There are 4 protein chains.
Amino acid sequence: MSALGNGKKYRAGVLGATGMVGQRIVNMLAGHPWFELTAVAASERSMGKTYAEAARWHLETPIPEAARGLVVKDLDPVLDCDFVFSALDSSVAGEAESVFAHAGYPVVSNSKNHRMDADVPLLIPEVNASHINAIPVQQKNRKYDSGFIVTNPNCSTAGLVLVLKPLADAFGLEKLFVVTMQAVSGAGYPGVPSMDALGNVVPFISGEEEKMESEPQKLLGKWDGNRFIDAGLGISAHCNRVPVINGHTECVSVRLKKTATIEEVKDALRKFEVPDELASLPTALKNPVVVREEDDRPQPRKDSDVGNGMAAVVGRVRECPLFDVKITLLSHNLVRGAAGAAMLNAELLAAKGFLKNRTAHRSSASEVLARG
Amino acid sequence: MSALGNGKKYRAGVLGATGMVGQRIVNMLAGHPWFELTAVAASERSMGKTYAEAARWHLETPIPEAARGLVVKDLDPVLDCDFVFSALDSSVAGEAESVFAHAGYPVVSNSKNHRMDADVPLLIPEVNASHINAIPVQQKNRKYDSGFIVTNPNCSTAGLVLVLKPLADAFGLEKLFVVTMQAVSGAGYPGVPSMDALGNVVPFISGEEEKMESEPQKLLGKWDGNRFIDAGLGISAHCNRVPVINGHTECVSVRLKKTATIEEVKDALRKFEVPDELASLPTALKNPVVVREEDDRPQPRKDSDVGNGMAAVVGRVRECPLFDVKITLLSHNLVRGAAGAAMLNAELLAAKGFLKNRTAHRSSASEVLARG
Amino acid sequence: MSALGNGKKYRAGVLGATGMVGQRIVNMLAGHPWFELTAVAASERSMGKTYAEAARWHLETPIPEAARGLVVKDLDPVLDCDFVFSALDSSVAGEAESVFAHAGYPVVSNSKNHRMDADVPLLIPEVNASHINAIPVQQKNRKYDSGFIVTNPNCSTAGLVLVLKPLADAFGLEKLFVVTMQAVSGAGYPGVPSMDALGNVVPFISGEEEKMESEPQKLLGKWDGNRFIDAGLGISAHCNRVPVINGHTECVSVRLKKTATIEEVKDALRKFEVPDELASLPTALKNPVVVREEDDRPQPRKDSDVGNGMAAVVGRVRECPLFDVKITLLSHNLVRGAAGAAMLNAELLAAKGFLKNRTAHRSSASEVLARG
Amino acid sequence: MSALGNGKKYRAGVLGATGMVGQRIVNMLAGHPWFELTAVAASERSMGKTYAEAARWHLETPIPEAARGLVVKDLDPVLDCDFVFSALDSSVAGEAESVFAHAGYPVVSNSKNHRMDADVPLLIPEVNASHINAIPVQQKNRKYDSGFIVTNPNCSTAGLVLVLKPLADAFGLEKLFVVTMQAVSGAGYPGVPSMDALGNVVPFISGEEEKMESEPQKLLGKWDGNRFIDAGLGISAHCNRVPVINGHTECVSVRLKKTATIEEVKDALRKFEVPDELASLPTALKNPVVVREEDDRPQPRKDSDVGNGMAAVVGRVRECPLFDVKITLLSHNLVRGAAGAAMLNAELLAAKGFLKNRTAHRSSASEVLARG
């Protein structure tokens, strides 16, 4: 059954469609049961080319047929679609997403710019689906009529918070240390030069530690009807780049609020499942956290694709001499941490009635342009 | 000036000479001002071959001439040398090192077996040189006459403790988190299969976290004349293998006993220098801790060889939201963490008069053998 | 429609089931329309364990359920199956395969031992399917009743010959140079040490150049009813190991017998298709050679999985100053070059009536054992 | 003894000093017995900064003190130096080098632009030192007074031709195949994206095959007093990028003019030595070709630094089924293939009297500028 209820699909546009994350979104839209790709937009360099010409394709499967011939548009909000994904670079995302929301488009963004805005949901459906209730407040605040912005977290935050959620529910969280070993695909293309990546570790990713120390507060916090209340969690993050293609690995030590044995912690992780309503979203997993018992897992090359890249894989759950528990976790930075995260957010919005057929709006495109 | 004072050099043997660390020791002995290589011993597989035949050489410089033709002996304590380095595998090191010490050889070991023994110094000259005072007690306990055992720490502990030392001196240490990203050379040869290493992270190294959580206690603790007093430091370690050839990178968050600004911490690290007596040891550096100011250093491929591999390179000194300070450190696992560590220990022993010319002993080799 | 014609599947055993290639075969059998896995055998180290216990699993998908609980048997020819795949190490494959064939099992081997035997087909269905006509002669020669041996080529030969076939058909082949850059998975597990593979090229693979210079002669040659006639092709091969997980890349310069333009060569490659009878085999592709037009393809990380790993991907078709044409080709060494090659051979045998239900034979297992 | 004969050094400038090759040249000039670095120039982006600010330093040793504070100039020929090295990008090198030569500077270039010019020596001192005799003709042709241009070959050509030279001398060369596996440092910085390099082979390097097929003709050819006579050698090259930091590996099959046994070929390679006059150049080796007997050498990570990176290391000398001999060779692309090659060329020019003290010229700098 389509979310539209009438066999039709929502028409999706992708802003920043030619980049590494944009390509993943385009790819996930091929064969999506609820959405169809009808528009691609990107920076001016690509404008006017077909998508096949403009995108230096990085996936191992070919460019979807539905995308090949689409002409790449610029970032004007006159795209032929019901809503847009944004995989724009942060240098342009802030302004462009506001413009699209103002023009009436729901904007499902992977970019960092609006994540911490006071009225923008930073959303992981399995973690804080109720934060979508901030959308009407946002629309009122910003004088958007039907448009709005929702965001997904940073690629290294996504997997972490997904794993923290069942622990927060079962035991409460006090504080945590996290050290990441992040894949090069997280830096886009051309991204990390091979002279820096080969046989090396780069112990710095600009802005990443700040995101990891702030975004979980909002994700694990509450929307009280007017504003987001932080989770009040202590977080210290160290972020590193390692020579891995896909999959961010994270070593975490957590202090729980309630005492728990290692077995209880594993149990909470293993039993974490989402409500049926969420599990029925096309991209969702019923059990998005997978616990491995082997000594030496998870490993990025072997475990990144678990659950089609939407799972967080946890291993090495063991006691921490300083806090309560040490774990190692892994999630696919381009799927769970970006394209898949945005897709799941869009699906939640569709299921909750936040997406609309924008046919009527399109007739007023010239007005939007006139507005300047 | 030779440590022997008469232009002669101490004659060194190497147990486990064909392995990755043994090769580094053999290489460092070539041209050493105080020591000369006179004997190599290894497991039975290599016995009777020349060193050039037996060693699958891994260094980028050729096998030293002095080593090429030496016939590899077995692990019987009848080697023609004044003392031995031990780079033996832990499966045989425990017993073999005891036998050599009992037979009168000073044993300078890189192996883990005796590190935590109650009367064996676990030694980093820049950190706890006074621990050599345990040697006479060890000799008495174990009824060794002139022989004894000293050890150096695990490769991932070595750099960490070297960096902690000036912080302990200046501010006191309360506790710390450390996450390692360790080079594959630390696993020896053949070691880590390329199917596990390429484009991957393996979040487990057998026994490594336990070593990192215990060895610093002894290294930063005290010898009270009878026993070692632990430093009483809280440590939580996560250890990972990354696709890097040489150089262990470590992300550390430290809680100090005394408040300090980031600038004061950097200052303590930068100003750390060893007494002239130590600095004059051939392998020593006056300033073994190097502080980098760039955002993205240290990096293993670029910084492992700083100070001929004997320095610990520190970067990204910054505030920690949970503890006091976050740092990233790097040291060469085969040099500072193994062969160079043992060499420096032997030099300290030489300077302090613990090495002797064993000519007399050699005549009694048959007695040793008779002993069984 | 099942090859058995009655809805039943042939029961397959796998010799050497725990190795890298054996695992791929086990994985390909899961869900195979014609075959079902009923027995696994391996060297003595694994004997008596379940498959899940014995196999250190290397694929990114989990161990198939049908395989997990199978008890690993030794190499005695009393396995409960209709035919066996052999992915045995060459140290034991020669003898073991003969024993199984003698005991009545069709043996579909990936091992090198019998490839160049005078009466054993070395088979790539798309290239020389008619070579299966050697089977009756083999059975007569060797006094096998229903058993026999067929083999597939070496992993680096497989892709090369598949690409040479349409050129041989269209223009004739005189001679060729080939230089390989081979993935580490070709060496099995633990295989190539990471100390050799990381950031390095190893310009030697034992026995590989000899295989590449001899096997194509047989593959592109003819079976005249009594013996194989070599293709009489001049071949010079250089083989290298590069730090790639899967996919062998090969640079080839070919001298054709008939003059051809680059466009004619590309055309011959592009239009290469197999007869419908072959194309209907479950693992077959109608067009097993894929031609890429981009300057910089094929690339192993991006193109190894084309056609589920059964395609040879060709690119950079251009003029050669010395011979006629230069090309770069790529094929998946574990699929097209090993497990998939064996699977396709077994499917051809099934389609041609060379596989039988061995229920009757099993009753005589004790006789086979008695034979010693 | 200084080449200037009076204890003074020639003052060297480096055009393109901030790039990967420029940095190597700057580094080699530190402590050079004949040359001292007095000027650095680069593209406009770096202009006005100190060298330490402008260069993202890639070497494992620190920036030489003599270079740190030099202010980076633009490419105007008013640099305070006696001659210039050019490591400029080919987009600007052609014009800039001509301007400097016209302004009276000897230009020792690593750039490709003038390599194949009819009156510009393409020079490897050990191979074709006599080609410097073309300089006076060049000066006459181009109306240069004291300035001129000499070039060194492409990084993949350099090692190849060095190894071919003794074979050409001993047996004559008819033709050859060569397939390269080239390090990423050859593409500069940022150069090859890690998304392309990690675990991958890229079978294309723009323009590289053309260079390898043409440059050896000139290098192994003759200067007849008026023009260069090509060697008339048949060459077919395939060029690939592999995930290696430094060191280009090349598989070569050679057809000799005279029959030779493998032992004779090895002997010719081993005995290749340069005249004492050349061997006394500071960067020269007496025996620039090193032959290894192991099956699996040369390897880039282990052998690139042989002879301080100025040697070509040859291994696997064996029979070729199609031509006469197969070999694998390796040379350091940034040293023998770039910075070291230029340095040696400059040393040859110094020794032969082609460098002059340019003090007088500097006074006319304003005229040069006026010339436009």
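Please refer to the structure higher up on the page.
Reference entry: report on the structure contained in this document. Computed from a predicted model, the values in this text were never measured in an experiment.

## What about the relation of the copies chain B and chain A?
Both copies of the chain are placed relative to one another by a rotation about an axis and a shift along it. Superposition record for chain B on chain A: RMSD 0.0 Å, screw rotation 180 degrees, translation along axis 0.0 Å. Seen this way, the second copy is the image of the first under a two-fold rotation axis. Interface overlap between copies: 100% of the residues of chain B at the interface are likewise at the interface in chain A, consistent with a symmetric, same-surface contact.

## Observations concerning the sheet that holds strand E7 (residues 173-182) of chain C
All names here are of chain C. Taken in spatial order, the 6 strands make up an open sheet running E10-E7-E11-E14-E13-E12, and their pairing is mixed. This sheet does not close on itself; its edge strands, each paired only once, are strand E10 (234-241) and strand E12 (289-291). In this sheet, neighbouring strand axes are inclined to one another by 20 degrees on average, regardless of whether the strands run parallel or antiparallel. Against the sheet, helix H7 (residues 155-171) touches E7, strand E11 (248-256), E12, strand E13 (312-319) and strand E14 (325-331), its axis set at about 155 degrees to E7.

## Details of the sheet that holds strand E4 (residues 83-86) of chain D
All names here are of chain D. If you walk across this open sheet you meet the 6 strands as E3-E2-E1-E4-E5-E6, and the pairing is parallel. Looking along the sheet, the strands with just one partner apiece sit at the ends: strand E3 (72-73) and strand E6 (148-151). Bridge analysis of E4 against strand E5 (residues 106-109) gives 3 bridges, and the strand direction is parallel. Counterpart to Phe85 in the pairing with E5 is Val108.

## Concerning the relation of the copies chain D and chain B
By a simple turn and slide, chain D fits onto chain B: the slide is 0.0 Å along the axis, the RMSD is 0.0 Å, and the turn is 180 degrees. By residue overlap, the copies meet face to face through one surface: 100% of the interface positions of chain D are interface positions in chain B.

## Quick word on unusual backbone geometry
Residues Tyr189 of chain A and Pro190 of chain A are joined by a peptide bond in cis, for which omega reads 5 degrees. Put simply, Arg297 of chain C and Pro298 of chain C share a cis peptide bond, and its omega is 5 degrees. Along the chain, Pro298 of chain C falls in the loop between E12 and helix H12 (300-303).

## Digging into the interface of chain D and chain B
How big an interface is tends to be reported as the loss of accessible area on association of its parts. Listed as interface residues are 7 residues of chain D and, on the opposing side, 7 residues of chain B. Regarding the contact of chain D and chain B, the summed buried area is about 940 Å², with carbon and sulfur atoms giving 34% of it. For the interface between chain D and chain B, the tally reads 2 salt bridges. Taking the shortest distance from any N to any O, the salt bridge between Arg56 of chain D and Asp296 of chain B comes out at 3.5 Å. There are 1 residue pair in polar contact (both at pLDDT 80 or more) connecting chain D and chain B. Taken together, the residues of the side of chain D that touches chain B sort by class into 1 nonpolar, no polar and 6 charged.

## Looking at the environment of Ile229 of chain C
Residue and element names in this part refer to chain C. In this fold, Ile229 is placed in strand E9 (residues 228-229). Sequence separation between Ile229 and Ile132 is 97 residues; the distance between their C-alpha atoms is 14 Å. Those residues within four positions of Ile229 in sequence are excluded, and the remaining contacts are Gln217, Gly221, Lys222 and Asp224.

## Focus on the packing of helix H7 (residues 155-171) of chain B against helix H9 (residues 208-219) of chain B
Residue and element names in this part refer to chain B. With their axes 9 Å apart at the nearest point, H7 and H9 run at an angle of 40 degrees to one another. Relative to H9, the element H7 lies oblique. H7 and H9 meet at a crossing whose hand is right-handed. Across the interface between the two elements, Cys155, Ser156, Thr157, Leu160 and Val161 from H7 touch Glu208, Lys211, Met212, Glu215, Pro216 and Leu219 from H9. Split by residue class, the contact of H7 with H9 holds 6 nonpolar, 2 polar and 3 charged.

## Brief notes about the interface of chain B and chain A
The interface of chain B with chain A comprises 47 residues on the first partner and 47 residues on the second. Note on chain B versus chain A: buried area summed over both sides is about 3,600 Å², and carbon and sulfur give 61% of it. Linking chain B with chain A are 10 salt bridges. The partner of Arg318 of chain A in a salt bridge is Glu209 of chain B, with the nearest N and O atoms 2.8 Å apart. Of all the secondary-structure elements, those providing two or more residues to the side of chain B that touches chain A are strand E7 (173-182), helix H8 (194-197), H9, strand E10 (234-241), strand E11 (248-256), helix H12 (300-303), strand E13 (312-319) and strand E14 (325-331) of chain B. Broken down by element, the side of chain B that touches chain A gets its largest block of residues, 7 residues, from E10 of chain B. Residues belonging to the side of chain B that touches chain A are distributed by class as follows: 25 nonpolar, 10 polar and 12 charged.

About the thresholds
- Residues numbered from 1 in each chain as written.
- Chains lettered and ligands numbered in written order.
- Predicted model: local features only at pLDDT ≥ 70, side-chain atom pairs only at ≥ 80, totals over all residues.
- Heavy atoms only, no water.
- Least-squares fit on C-alpha atoms with pLDDT ≥ 70 in both.
- Contact = heavy atoms within 4.5 Å.
- Pairing = 2+ DSSP bridges.
- Helix = DSSP H or I, 4+ residues; strand = E, 2+ residues; numbered from the N terminus.
- Axes fitted to C-alpha atoms, helices over the stretch in contact; angles between N-to-C directions.
- Buried area = accessible area lost by both parts, 1.4 Å probe.
- Salt bridge = Lys/Arg side-chain N within 4 Å of Asp/Glu carboxyl O.
- Polar contact = N/O pair within 3.5 Å; in protein donor to acceptor, adjacent residues only side chain to side chain.
- Nonpolar A, V, L, I, M, F, W, Y, C, P; charged D, E, K, R; others polar.
- Parallel < 35°, antiparallel > 145°, perpendicular 65-115°, else oblique.
- Left-handed = near helix turned anticlockwise from the far one by under 90°.

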